Amino acid sequence: MLDIQLLRADIEGVAAKLKARGFSLDVAEFSALEADRKAVQTRTQELQATRNSLSKSIGIAKSRGEDVAPIMTQVAGLGDELKAAEEKLAYIQTRMQELLAGVPNLPHESVPAGKDADENLEVSRWGTPRVFDFEAKDHVDVGAALGLDFEAGAKLSGARFAVMQGGAARLHRALAQFMLDVHTREHGYTEVYVPYMVNADSMFGTGQLPKFEEDLFSTFKNADEKLYLIPTAEVPVTNLARGEILAAESLPRKYVAHTPCFRSEAGSYGRDTRGMIRQHQFDKVELVQIVKPEDSYAAHEELTAHAEKILQLLELPYRKMLLCTGDMGFGSAKTYDLEVWLPAQNTYREISSCSNFEAFQARRMQARYRNEKNKPELVHTLNGSGLAVGRTLVAILENCQNADGSVSIPPVLVPYMGGVEKLGS
RNA sequence: GGAGAGGUGGCAGAGUGGUUGAAUGCACCGGAUUCGAAAUCCGGCAUACAGGUUCUCCUGUAUCGGGGGUUCGAAUCCCCCCCUCUCCGCCA
């Protein structure tokens, strides 16, 4: 959520920046509401002040045993106008909040302008895509012999679900364990275990609600309270700070969590229908940092490097992309995507997305810390995949496949595989 | 699932209709004392929003788990919900 003060001070400037990311701000509606708000709020508060002081004098008069009837009639005269004013103010404020809640974050000045993914900027490449001396198969074909079973997933749950057995399942688990170990031991993150279902307040806090409800799975906790399945651990982990005033010394907070993620993938019909790339349920190891505002851009570089480190250790070629204004997520001020090389697709595919949200989520969550002046100030929040486990499995199956259909395990994973160096054949 | 207790400021903990945004203690900040420190003393210390002002200041409004109600006036009374704790039952 943007600072409403910013919109009041310079709505045209804000609208221009939002336009760069393809969002059209309803300046007219906002301005009209703002004009109304100012008048109605001032009047409401005046009336409330009058009522309060009259009520107070009733108390005083009563304690002195004086007749309070004249004051009572005076205060009664306020009733109707006050009630009407309060109702109108509540309506205006609700409407403004709704409007504001749907406005995406402003892009950071270092973000290139662009319309869509085609205008993202390649920042760097690591590793060299392997040249195969045989026809490289895709992960579906490689995985079939190793226990990766999409038909079973479809039988149990439908499209976009998979079952893994034996070696594939073991490799999947090994990847998550490995990532957690690297981030906790070498990168200083605290491992957290969090709920996989969260309430609407949490979803609002990180920005999934109210705008993206159709992307979420949900269930009813009781007749009128919904619980949402997390689309990423970012939601429960970042919301740990919701409503808190953190001690400055406790920052930065660095969390890593391994969770399943659930996404309805509404609107992606026909895309990535084959294989594990786009599933309704997948595992991810997520990095979250909660930092002081002045540290967030350094933290963003650091967090991205932490995700890159996993790819490097696994010896998977990747490139780092700086997303342009038009391709960034709703709440992000700046995002790097890491894209891993997939030989069967002959291209790089997203395996991690690392974003700095600045105060956008913190404002929605009222997540603050005490600054040097001892005043509460909004923190900055960041997160990034470190990495998406399912897609990492895909990358290993494809990049490390052998002509005989087996898959060589990256050396760093061998200890996590009980010493197994090769799956299949 | 049954029975009971409770949710108040960073923390602990008073407060059952009226100058209560809220006693007191701790923590924290400033000052005094001291060669310095501890102890002691004095003062300050919630958040959000609005208006004025552009001062790091004044005025106002809202906020005592959440929502609704009664009332001129609600932390305090009524209703609904959420959460925490204790005991019993059940259970991984």
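Scroll up to find the structure this text is about.
Structural notes, computed from the coordinates. (Residues numbered from 1 in each chain as written. Chains lettered and ligands numbered in written order. Predicted model: local features only at pLDDT ≥ 70, side-chain atom pairs only at ≥ 80, totals over all residues. Heavy atoms only, no water.)

Our next topic: the overall build of chain A. Regarding its fold elements, chain A presents 13 helices and 18 strands. The C-alpha extent of chain A, read off along each of the three principal axes, is 100 × 45 × 45 Å. The buried share among the 425 residues of chain A stands at 52%. Of the contacts formed within chain A by residues at least 6 apart in sequence, a portion of 72% connects residues at least 24 apart. Of the accessible surface of chain A, which amounts to about 19,900 Å², a share of 50% is contributed by carbon and sulfur atoms. Averaging the positions of the 48 positive and the 58 negative side-chain charges in chain A gives two centres separated by 3 Å. (Helix = DSSP H or I, 4+ residues; strand = E, 2+ residues; numbered from the N terminus. Buried < 20%, exposed > 50% of the residue type's maximum accessible area, 1.4 Å probe, protein only. Contact = heavy atoms within 4.5 Å. Areas by Shrake-Rupley, 256 points an atom, 1.4 Å probe, with all protein chains shown as cover. Lys, Arg positive; Asp, Glu negative; His and termini not counted. Charge placed at Lys NZ, Arg CZ, Asp CG, Glu CD.)

Turning next to the packing of helix α3 (residues 27–63) against helix α4 (residues 69–76). Look at α3 against α4: their axes get within 10 Å of each other, and the N-to-C directions meet at 165°. Judged by the inter-axis angle, α3 sits roughly antiparallel to α4. Seen along the crossing, α3 lies across α4 with a hand that is left-handed. Contacts between α3 and α4 pair R51, L54, S57, I58 and A61 from the former with I71, M72, Q74 and V75 from the latter. Of the residues belonging to the contact of α3 with α4, the class tally is six nonpolar, two polar and one charged. (Axes fitted to C-alpha atoms, helices over the stretch in contact; angles between N-to-C directions. Parallel < 35°, antiparallel > 145°, perpendicular 65-115°, else oblique. Left-handed = near helix turned anticlockwise from the far one by under 90°. Nonpolar A, V, L, I, M, F, W, Y, C, P; charged D, E, K, R; others polar.)

This next bit is on helix α11 (residues 296–313). Its 18 residues place the ends of α11 26 Å apart at the C-alpha level, agreeing with the 26 Å of an ideal helix rising 1.5 Å per residue. Among the residues making up α11, those that are buried are S296, A299, H300, L303, T304, H306, A307, E308, I310 and L311. Where α11 terminates, the next one or two residues include E315, which has phi positive at roughly 60°. (Expected span 1.5 Å × (residues − 1).)

Among the ten residues that make up strand β13 (residues 347–356), seven are buried, leaving the element largely enclosed by the rest of the structure. Alignment of strand β12 (residues 334–342) against β13, held across nine bridges, turns out to be antiparallel. Among the inter-strand pairings, K334 is bridged to a residue of β13, identified as N356. The turn joining β12 and β13, which pair antiparallel and follow one another in sequence, is formed by four residues; a positive phi near 55° is taken by N346. The sheet contact formed by β13 and strand β16 (residues 380–388) spans three bridges and is antiparallel. Looking at the pairing, S355 lines up with N383 of β16. (Pairing = 2+ DSSP bridges.)

Another point: the pairing of strand β11 (residues 318–322). Buried residues dominate β11, accounting for five of its five residues. Every second residue of β11 is oriented toward a common face, with Y318, K320 and L322 on one face and R319 and M321 on the other, all of them buried. Strand direction decides the pairing type here: strand β1 (residues 121–126) and β11, joined by five bridges, are antiparallel. Note on β11: the bridge partner recorded for E122 is M321.

A side chain of one charge can pair with a side chain of the opposite charge when the charged atoms of the two come close. Applying the stated rule across the entire model yields 21 salt bridges. Ionic pairing is found between E81 and R43, a salt bridge with its closest N-O pair at 2.8 Å. Residue E81 is found in helix α5 (residues 79–101), and its partner R43 is found in helix α3; the two are separated by 38 residues along the sequence. For E81, a relative accessible area of 39% gives the class partly exposed. Judged by relative accessible area, which is 35%, R43 ranks as partly exposed. Members of the salt-bridge network, linked through shared partners, are E122, R125, R319 and E339. (Salt bridge = Lys/Arg side-chain N within 4 Å of Asp/Glu carboxyl O.)

Before going further, it helps to spend a moment on the sheet that holds strand β15 (residues 376–378). Spatially, three strands are ordered β8-β14-β15 in an open sheet, and the strand pairing comes out mixed. A strand with exactly one partner marks an edge of an open sheet, and here the two such strands are β8 (245–246) and β15. Alignment of strand β14 (residues 368–370) against β15, held across three bridges, turns out to be antiparallel. Following the sheet pairing, Y369 is matched in β15 by E377.

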